[in-house]
Amino acid sequence: MSIRPAALKREASAAAAGATVRSVIAGCGSYLPERIMTNHDLAKMVDTSDEWIVERTGIRHRHIAAEGENTSHLAVKASERALAAAGMKADVVDLIVLATATPDETFPATATRVQERLGIVRGAAFDVQAVCSGFIYALAVADNFLRLGQADTALVIGAETFSRILDWKDRSTCVLFGDGAGAVVLKAGQGRGLPTDRGVLTTKLHSDGRQHDLLYATGGVSSTRTAGVVRMDGPKVFKHAVERLAEVVEESLAGAGLTSADVDWVVPHQANRRIIDGVGKKLGLPAERVVVTVDHHANTSAASVPLALTEAVGDGRIQRDEVVVMEAMGGGFTWGAAVVRM
Ligand code: ACO
C-alpha cells in the first residue's frame, strides 16, 4: 500500500519529536428522519402500550426513514453536518469507515455511495458490520489507520435503517428500534505524551460467536437471499449486555491509564434505559454524567453512539479536553469501548 506524502511527513515529524500521533475528533454531526413513530402509534399495530414500553425500555418515540430514504441518505446528511462542525470541506477526507447492518445494497459498500455523494474522489471507503457495536468498531479501525499514517482525515459513520429489518408483528422487537445516522470527523494530530492529550486514547473490541442465537437476523444473501428480520432473546441479551459492557469499559479505562473517577461523560449505546443504568451503577458512575437519548431515538444500532455524542456536544454538555467513554454491544455478540479526550 502506498502511503501519501503528507502522512509520511507527519509520521517523520512525530517520530522526531517523540510524539504520539492521535486521532482527534474534529467535529460530529447527526441526522434523524423526519417521521416520528410514538409508542401510541405502535400500540395500534401490535399488542403493546406506551406504559409497558416506557417502563421496560425508557423509549417514548423513534424516527423512521421514509420510503426511498436509505441508509446512505442518512449517512450523507450526518457526514455533511460533521464536516461543517469541523470546519472542513469533504475533499480533505481520505478515509470513510461506515458501520451499518442495513446497507443500501448487498454490494458495493454503502460507504462508497457516501463517498460519491460527498464528491470525494480519493482515499478508501468501506463498511464494517458489527451491528450495534458497529460505530465503536469503525472508530477503532479508523483510529488505527490514522495512527499508522495510512490516512489523515477520516469520516467515521454509524448509519442504520433498522426499520427495514423489523418484524412489525413481533412486539418483543419492533418497539425497540429506530433509524438514524451519526458521524465524526477524525483528524490525525500529534500528542505530547500519555495520557493527557486530546484524541482517541484507547479502543477495545470483543466478539463471541457462540452467542449468535440470542440476537440475529433470520436471513442473509448466501443463506436465504433475503435480508431477514430481527430475532432476539431479550432477557438473555440484557444480562450479557450489563456484564460485558461494564467489563469492557473498565478494560478500556485501564488501557488509557485512567479510572472511572477520571471520566467526565459516558456515551453508551442506547438500547435500553435499564441496561444504561445497570452499567453505570456497576461502574459507580453518576447518572448525570451518562448521556441518554434512548427515550427519543430508541435503539438505532450503529448510529446510536454518534447520535448521542452529537447531541451532548451540540447542547454544550461535552466540552473540549473532557474524557468521554463510549461503549456498545450488539449481535454476534460483539462489544467494545473507546476512551476519547475531546
Ligand atoms: N408490549 C407488551 N408486552 C410485551 C412486549 C411489548 N412490546 N414485549 C414483550 N412483552 C411481554 C412478553 O411477552 C412477556 O409476557 P409473558 O410474561 O406473558 O410471557 C412479558 O412482556 C415480559 O417479557 P420479557 O421479555 O421477560 O420482558 P423484559 O422485562 O425482559 O423486557 C426487553 C424485554 C425490553 C426486550 C428487555 O429484555 C431488553 O431490553 N433486553 C435487551 C435487549 C436489547 O435491548 N437488545 C437490543 C440489541 S442488543 C443491544 O443493543 C444491547
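Conventions we followed
- Residues numbered from 1 in each chain as written.
- Predicted model: local features only at pLDDT ≥ 70, side-chain atom pairs only at ≥ 80, totals over all residues.
- Heavy atoms only, no water.
- Helix = DSSP H or I, 4+ residues; strand = E, 2+ residues; numbered from the N terminus.
- Rg over C-alpha atoms; globule rule 2.2 N^0.38 Å.
- Buried < 20%, exposed > 50% of the residue type's maximum accessible area, 1.4 Å probe, protein only.
- Contact = heavy atoms within 4.5 Å.
- Areas by Shrake-Rupley, 256 points an atom, 1.4 Å probe, with all protein chains shown as cover.
- Lys, Arg positive; Asp, Glu negative; His and termini not counted.
- Charge placed at Lys NZ, Arg CZ, Asp CG, Glu CD.
- 1 Å grid on protein atoms, 1.4 Å probe; cavity = no way out; pocket = protein on both sides within 12 Å on 5 of 7 lines; lining within 4 Å.
- Points joined across faces, edges and corners; volume = space filled by probe spheres on them.
- Nonpolar A, V, L, I, M, F, W, Y, C, P; charged D, E, K, R; others polar.
- Axes fitted to C-alpha atoms, helices over the stretch in contact; angles between N-to-C directions.
- Parallel < 35°, antiparallel > 145°, perpendicular 65-115°, else oblique.
- Left-handed = near helix turned anticlockwise from the far one by under 90°.

### Overview of the overall build of the protein chain
Line of reasoning, step 1. Tallying secondary structure elements over the protein chain gives 11 helices and 13 strands in all.
Line of reasoning, step 2. For 342 residues, the compact-globule estimate of 2.2 N^0.38 gives 20 Å, and the C-alpha radius of gyration of the protein chain, at 19 Å, lies within 12% of that figure.
Line of reasoning, step 3. Overall, the protein chain is about 65 × 45 × 40 Å in size when its C-alpha atoms are taken along their principal axes.
Line of reasoning, step 4. Counting across all 342 residues of the protein chain, residues that qualify as buried make up 55%.
Line of reasoning, step 5. Taking the intrachain contacts of the protein chain between residues at least 6 apart in sequence as the baseline, contacts between residues at least 24 apart amount to 77%.
Line of reasoning, step 6. Roughly 14500 Å² of accessible area belongs to the protein chain as shown, and the carbon and sulfur atoms make up 52% of that amount.
Line of reasoning, step 7. Between the averaged position of the 37 positive side-chain charges in the protein chain and that of its 40 negative side-chain charges there is a distance of 2 Å.

### Structural notes on the side chain of Ser 30
Line of reasoning, step 1. Its place among the elements puts Ser 30 in strand β1 (residues 21-31).
Line of reasoning, step 2. By relative accessible area, which is 16% here, Ser 30 ends up buried.
Line of reasoning, step 3. Once residues lying within four places of it in the same chain are set aside, the contact partners of Ser 30 are Ala 78, Arg 81, Ala 181, Gly 182, Leu 307 and Thr 310.

### Here we look at empty space enclosed by the protein
Line of reasoning, step 1. Tallying each qualifying case throughout the model produces one cavity of 30 Å³ or more.
Line of reasoning, step 2. Lining the largest cavity we find Val 249, Val 266, Pro 268, Ile 276, Val 279, Gly 280, Leu 283, Leu 285, Val 290 and Glu 327.
Line of reasoning, step 3. Among the secondary structure elements, those contributing two or more residues to the lining of the largest cavity are β11 (265-268) and α9 (273-283).
Line of reasoning, step 4. With four residues, the top contributor of residues to the lining of the largest cavity is α9.
Line of reasoning, step 5. A class-by-class count of the residues in the lining of the largest cavity yields eight nonpolar, one polar and one charged.

### Let's talk about the packing of helix α8 (residues 234-255) against α9
Line of reasoning, step 1. Interaxial distance between α8 and α9 falls to 9 Å at its minimum, and their mutual angle equals 40°. As judged from the angle between their axes, α8 and α9 are oblique. Note that α8 runs across α9; the crossing there is right-handed. Packed against α8, whose contacting residues are Phe 238, Ala 241, Val 242, Glu 243, Leu 245, Ala 246, Val 249 and Glu 250, the element α9 presents Arg 274, Ile 275, Gly 278, Val 279, Lys 282 and Leu 283 at the interface.
Line of reasoning, step 2. Looking at the contact of α8 with α9 residue by residue, the classes come out as nine nonpolar, one polar and four charged.

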